[in-house]
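Close look at the chain arrangement
Each chain, letter by letter, is given below.
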Amino acid sequence: AWDLDAVVTAAVGLADAGGLAAVTIRAVARAVGASPMALYTYVPGKAELLDLMLDAVHDAMPRRDTTGRPWPERVRAVAGENRALFADHPWAARVATGT
């Protein structure tokens with residue numbers, strides 16, 4: 001059995017291994033053992049899948065607790081965390097987040 005988390009995890013794995021070009025509905029469906037049409041039960045399209053992938057890697061990103069710390073230290077912490085995220089998932093920098 002598979003669910004939305006399995007779909008997103010498979011898509012992130014494909015992107016980590018081969019970049020965004022490797023993330024197709026057909027490839028993700030193959031990775032979870034489903035038909036491409038069945039995948040549309042969980043995501044309406046690739047754009048939404050990319051949004052879910054980005055959400056997943058951001059949610060999994062380790063974050064330091066900088067509560068009460070001076071703002072320069074907080075900014076450095078966020079910058080370091082983002083740098084680590086993009087080093088682990090370079091494709092994430094290429095996902096359009098604006099309209």
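Read on for an overview of the structure. Numbering of residues starts from 1 in every chain and runs along the sequence as written. The model is predicted, so local features are restricted to residues of pLDDT at least 70 and side-chain atom pairs to those at 80 or more, both for listing and for counting; the totals for chains, interfaces and linings are taken over all residues. As a rule here, side-chain values come from all non-hydrogen atoms in the structure, and water together with hydrogens is ignored.

**Some remarks on the nonpolar core**
Put simply, buried Ala, Val, Leu, Ile, Met, Phe, Trp, Tyr and Cys residues joined by side-chain atoms within 4.5 Å make one nonpolar core. Categorising residues by exposure relies on relative accessible area from a 1.4 Å probe, with only protein chains included: less than 20% of the type maximum marks a residue as buried, more than 50% marks it as exposed, and the intermediate range marks it as partly exposed. Of all hydrophobic cores here, the largest spans 25 residues; its most connected members are Val 23, Val 28, Leu 39, Leu 49, Met 53 and Trp 91. For helices the rule is a DSSP run of H or I covering at least 4 residues; for strands it is a run of E covering at least 2, with both sets numbered from the N terminus onward. Sorting the residues of this core by element identifies α1 (4–18), α2 (25–32) and α4 (46–60) as the ones contributing at least two each. For this core, the element with the highest residue contribution is α1, accounting for six residues. The criterion used for residue contact is that any of the two residues' heavy atoms lie within 4.5 Å. Once you skip the residues sitting within four places of it in the chain, Met 53 turns out to touch Val 8, Ala 11, Val 12, Ala 15, Val 23 and Trp 91.

**A look at a negative patch on the surface**
A cluster of acidic side chains, namely Glu 48, Asp 51, Asp 55 and Asp 59, defines a negative patch on the protein surface. Here Asp 59 shows up in helix α4. Of the residues examined, Asp 59 reaches a relative accessible area of 65% and is grouped as exposed. In this scheme, patches are assembled from residues that exceed 30% relative accessible area and form no salt bridge. Like charges are connected within 9 Å, while nonpolar side chains (Val, Leu, Ile, Met, Phe, Trp, Tyr) are connected within 5 Å. Here the Shrake-Rupley method, with its probe set to 1.4 Å, supplies the accessible areas, and only the displayed protein chains count as covering residues. By definition here, a salt bridge exists when the distance from a side-chain nitrogen of Lys or Arg to a carboxyl oxygen of Asp or Glu is within 4 Å. Counting rule applied: Lys, Arg positive; Asp, Glu negative; His and chain ends not counted. For charged residues, the charge sits on one atom: NZ in Lys, CZ in Arg, CG in Asp, CD in Glu.

Functional significance is not addressed by these values, which are geometric in nature.
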